[in-house]
Amino acid sequence: MNPNMEWSQLFVQALVEAGLTAVCISPGSRSTPLTLAFAAQKGIQIYRHLDERSAGFFALGLAVATDQPVALVCTSGTAVANYFPAIVEANMSQVPLLVLTGDRPHELRHSGANQTIDQVKIFGDHVLWAVDMPIPQADAPNVALRHVQTTAVRAYSMANGRRKGPVHVNFPFRKPLEPETRDWQLETAPKSSIASLQSAVSILTRSQQEELTAVINRHERGLIVCGPRCPGGNFPQAVAGLSQVSGWPILADPLSGVRFGLHTSGTVISGGYETYLQSETLRVSREPFGSEPEVILRFGAVPTSKWLNAYLERSRPAHRIHIRDNGVWADDSHQTTLFVQADAEQACYQIAQGVYPRLSSAWLDAVVAVETAVWQKLETLAANSAELTDFWAVWDVMAMMPPNGRLFVGNSLPVRHVDQFARPSAKPMHVYANRGASGIDGNVSTALGYGAAGSAPLVAILGDITFYHDMNGLLHVTQRRGGTEGQPKIRNPKSEIAPVTFVVINNNGGGIFRRLPIAEFEPEFSALFLTPHDLDFAHAARLYGLDFVRVTDRAALREALGARMYDRRPCLIEVMSDGRYDNQRRQEINKIANSQ
Ligand SMILES: Cc1ncc(C[n+]2csc(CCOP(=O)(O)OP(=O)(O)O)c2C)c(N)n1
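Residues numbered from 1 in each chain as written. Predicted model: local features only at pLDDT ≥ 70, side-chain atom pairs only at ≥ 80, totals over all residues. Heavy atoms only, no water.

Some details on the sheet that holds strand β11 (residues 319-323)
Phase 1 of the analysis: Taken in spatial order, the six strands make up an open sheet running β9-β8-β7-β10-β11-β12, and their pairing is parallel. Edge positions in the sheet fall to β9 (269-270) and β12 (338-340), since each has one partner strand and no second.
Phase 2 of the analysis: Here strand β8 (residues 250-252) pairs with β9 via two bridges, running parallel. Bridge pairing links L251 to S270 in β9. (Pairing = 2+ DSSP bridges. Helix = DSSP H or I, 4+ residues; strand = E, 2+ residues; numbered from the N terminus.)

Structure below.
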């Protein structure tokens, strides 16, 4: 048997034994053995992606939504380099990816051979582990075959360990790349020698538990800050329970998994801080809650909100505690006094056990008063504004999101608007954005990967330039609708196809730059920062088979959302907006919302 095929099959089978269920494959010759090995595996969902850059981000979105590693397969050369942006994001957001790249054999490296680049450790420190495999050989000793299998299991476990992230395995293959016959599969590939590598959940020691409980019992004025990428599972309930018993309110980032859901009932969860902490318009006094917090207890990554981060930085609490299972530092002001690497959900339960219940306090009342007042003002303003601005578009999308729906939010203004205008609510929603490296690339594909994890409706809100960056990714929408049906190896059961709605806020350029001092520097500002493109996105919708609706007022937007969000025909809703006006109007609204 062709050793390339044999080794690839051993590797892929070991990955499947380890738990892998999905792979995104891009076409190319040098990766043929890997591609065929995946195609022969039962129980693997194959996603076909023509563009490796989109493939990388699609895999990232799918891995986030399933909280499981997703594999990528591509050929040698610049195909590999196209994974780079998604790998950077996956590393910074701790998303498990298995990057499997075909390569030329060693004798062709550094020789001028075609499509041969240096792929060894090409992703540098952006991957958790990089392995350059040996060249498959016939009649290899058993230890070499076991190495193939254990490398697969170790790669999977490394990507999916306590600190999740991308792992790169590079596969040099010497020709012939194809099997001799169609009937090439190993009859019974030997099982891998180790089934899995496991790491145990780390819980607080008794003394850590007592110390943290004592901090809560000693201090009335605590804040629990949940940043992006808090753990899933029961963490929202666990942290809500800790908040309720301690009387410490939660400031919840929209990407934390804590701002929306049933656990918000009966819990003080603040999401209005991006409005009430605006320093230019600050209400009451310098201290929004009357006095300073004595303790800041953090979970997850650095919050999205600039104003929240500024407030946390200028506060002078006695303790700044951060609990994070993956141990990844997330404090760019370098003020953390205690970083605990422990399972966050378990830590909440453990700490709560010894807390003396504090059911009411002046501190809690102050936070509730500020939070309530700001949302009352915003809700009145929203109810009385017919005009379609970028932030009211976000407001309407949030209001109309289906329960348990998935919302992908593009970087730039959309994520900031979701942060500012999405009120905490009991409606469960899954919200994600690429905030690790905050690129505006790959957002279409990340959204589609995020939506591919289930059948719940997917809504993606993106700026026009963000959308433009990854229009290639839209091909997946067409393909999942049956473009691949004639090909039995690509399994995309129709029942799992989620309704997809893209909401593109088209202000003809990068509206976010209007917030910067550079906005005063014309003509450079418009030409080189705002970058208006005058694209008509109806053509993109047509090219990739999406329905298209262009809206210019809020009533039309709401009507389009209501009609499309549950529809299995994918749709692009283009929201026409005037970036200059929207920016001014938001500043006025900040003033009104902060007025007494
Ligand atoms: C890959 C990448 N290139 C450039 C940037 C810098 N950048 C941040 S926001 C932005 C403009 C985004 O415009 P758009 O998507 O239309 O959103 P808007 O600012 O209008 O909300 C740019 C170019 C980036 N974050 N990522």
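Still more ground to cover, so stick around.
Here's the deal with the packing of aromatic side chains
Phase 1 of the analysis: Scanning the model with the defined rule gives 19 aromatic pairs in all.
Phase 2 of the analysis: Taken together, a centroid distance of 6.4 Å and an interplanar angle of 50 degrees make the contact between F408 and Y432 tilted. Placement of the pair is F408 in strand β13 (residues 406-409) and Y432 in strand β14 (residues 430-432), with a sequence separation of 24 residues.
Phase 3 of the analysis: One aromatic cluster is present, built from ring pairs that chain together W375, F391, W392, W395 and F421.
Phase 4 of the analysis: Taking NZ or CZ as reference, K306 lies 4.9 Å from the ring centre of W307, over its face.
Phase 5 of the analysis: It is R406 that lies over the ring of Y450; its NZ or CZ is 5.0 Å from the centre. (Phe/Tyr/Trp six-rings, centres within 6.5 Å; stacked < 30°, edge-to-face > 60°. Lys NZ or Arg CZ within 6 Å of the ring centre and 35° of its normal.)

Regarding empty space enclosed by the protein
Phase 1 of the analysis: Under the defined criterion, the tally for this structure stands at five cavities of 30 Å³ or more.
Phase 2 of the analysis: If you add up the space inside the second largest cavity, you get close to 60 Å³.
Phase 3 of the analysis: Elements with a contribution of two residues or more to the lining of the second largest cavity: α14 (413-421) and α21 (579-594).
Phase 4 of the analysis: By residue class, the composition of the lining of the second largest cavity is one nonpolar, four polar and five charged. (1 Å grid on protein atoms, 1.4 Å probe; cavity = no way out; pocket = protein on both sides within 12 Å on 5 of 7 lines; lining within 4 Å. Points joined across faces, edges and corners; volume = space filled by probe spheres on them. Nonpolar A, V, L, I, M, F, W, Y, C, P; charged D, E, K, R; others polar.)

Re the site of the ligand
Phase 1 of the analysis: Surveying the vicinity of the ligand reveals 17 residues, the closest of which are S412, T466, N507, G509 and G511.
Phase 2 of the analysis: Between the ligand and N507 there is a distance of 2.9 Å, counted from an oxygen atom to a side-chain nitrogen or oxygen.
Phase 3 of the analysis: For the ligand, the accessible surface in isolation is 590 Å², of which the surrounding protein chains cover 75%.
Phase 4 of the analysis: Mapped by element, the contributors of at least two residues to the shell around the ligand are α14 and α16 (464-469). (Near = heavy atom within 4 Å. Polar contact = N/O pair within 3.5 Å; in protein donor to acceptor, adjacent residues only side chain to side chain. Areas by Shrake-Rupley, 256 points an atom, 1.4 Å probe, with all protein chains shown as cover.)

Overview of the pattern of salt bridges
Once the charged atoms of two side chains with opposite charge are near each other, the side chains can pair.
Phase 1 of the analysis: This model, assessed by the stated rule, comprises 20 salt bridges.
Phase 2 of the analysis: In this structure, R550 and D536 form a salt bridge, with 2.8 Å as the shortest nitrogen-oxygen distance. In this pair, R550 is assigned in strand β17 (residues 547-551) and D536 in the loop between α18 (524-530) and α19 (538-543), connecting sequence segments 14 residues apart.
Phase 3 of the analysis: D536 gets classed as partly exposed once you look at its relative accessible area, which sits at 36%.
Phase 4 of the analysis: Where salt bridges share partners, they join D547, R564, D567 and R569 into one cluster. (Salt bridge = Lys/Arg side-chain N within 4 Å of Asp/Glu carboxyl O. Buried < 20%, exposed > 50% of the residue type's maximum accessible area, 1.4 Å probe, protein only.)

A closer look at helix α13 (residues 390-400)
Phase 1 of the analysis: The buried count for α13 comes to nine of eleven residues, which makes it a mostly enclosed element.
Phase 2 of the analysis: Every buried residue of α13 is listed here: D390, F391, W392, A393, V394, W395, D396, V397 and M398.

Structural notes on the packing of helix α3 (residues 52-66) against helix α5 (residues 84-92)
Phase 1 of the analysis: Running from N to C, α3 and α5 cross one another at 20 degrees; their axes reach a closest spacing of 7 Å. Viewed along their axes, α3 and α5 adopt a mutual orientation that is roughly parallel. Contact residues: α3 offers R53, G56, F57 and L60, while α5 offers P85, A86, E89 and A90.
Phase 2 of the analysis: Taken together, the residues of the contact of α3 with α5 break down into five nonpolar, one polar and two charged. (Axes fitted to C-alpha atoms, helices over the stretch in contact; angles between N-to-C directions. Parallel < 35°, antiparallel > 145°, perpendicular 65-115°, else oblique. Contact = heavy atoms within 4.5 Å.)

Details of unusual backbone geometry
Only a minority of non-glycine residues have a phi that is not negative, and only a minority of peptide bonds are not trans.
Phase 1 of the analysis: A cis amide bond, omega 5 degrees, links K175 with the succeeding residue P176.
Phase 2 of the analysis: A cis geometry characterises the amide bond from E522 onward to P523, with omega recorded as 5 degrees.
Phase 3 of the analysis: Positive phi, normally seen in glycine, also occurs at N404, with a value near 65 degrees.
Phase 4 of the analysis: A relative accessible area of 41% places N404 in the partly exposed class.
Phase 5 of the analysis: We note that T531 has phi near 50 degrees; this positive angle belongs to a residue other than glycine.
Phase 6 of the analysis: For T531, the location among the structural elements is in the loop between α18 and α19.
Phase 7 of the analysis: The exposure class of T531 is partly exposed, given its relative accessible area of 30%.

Here's the deal with the confidence of the model for the protein chain
Phase 1 of the analysis: Of the residues in the protein chain, 94% reach a pLDDT of 70 or more, and the chain-wide mean stands at 93.
Phase 2 of the analysis: Predicted confidence for residues 482-489 stays below pLDDT 50, and this span has eight contacts to residues more than four positions away or in other chains.
Phase 3 of the analysis: Contacts of residues 491-495 to residues separated by more than four positions or lying in other chains number 14 contacts, the stretch itself having pLDDT below 50. (pLDDT = per-residue confidence, 0-100.)

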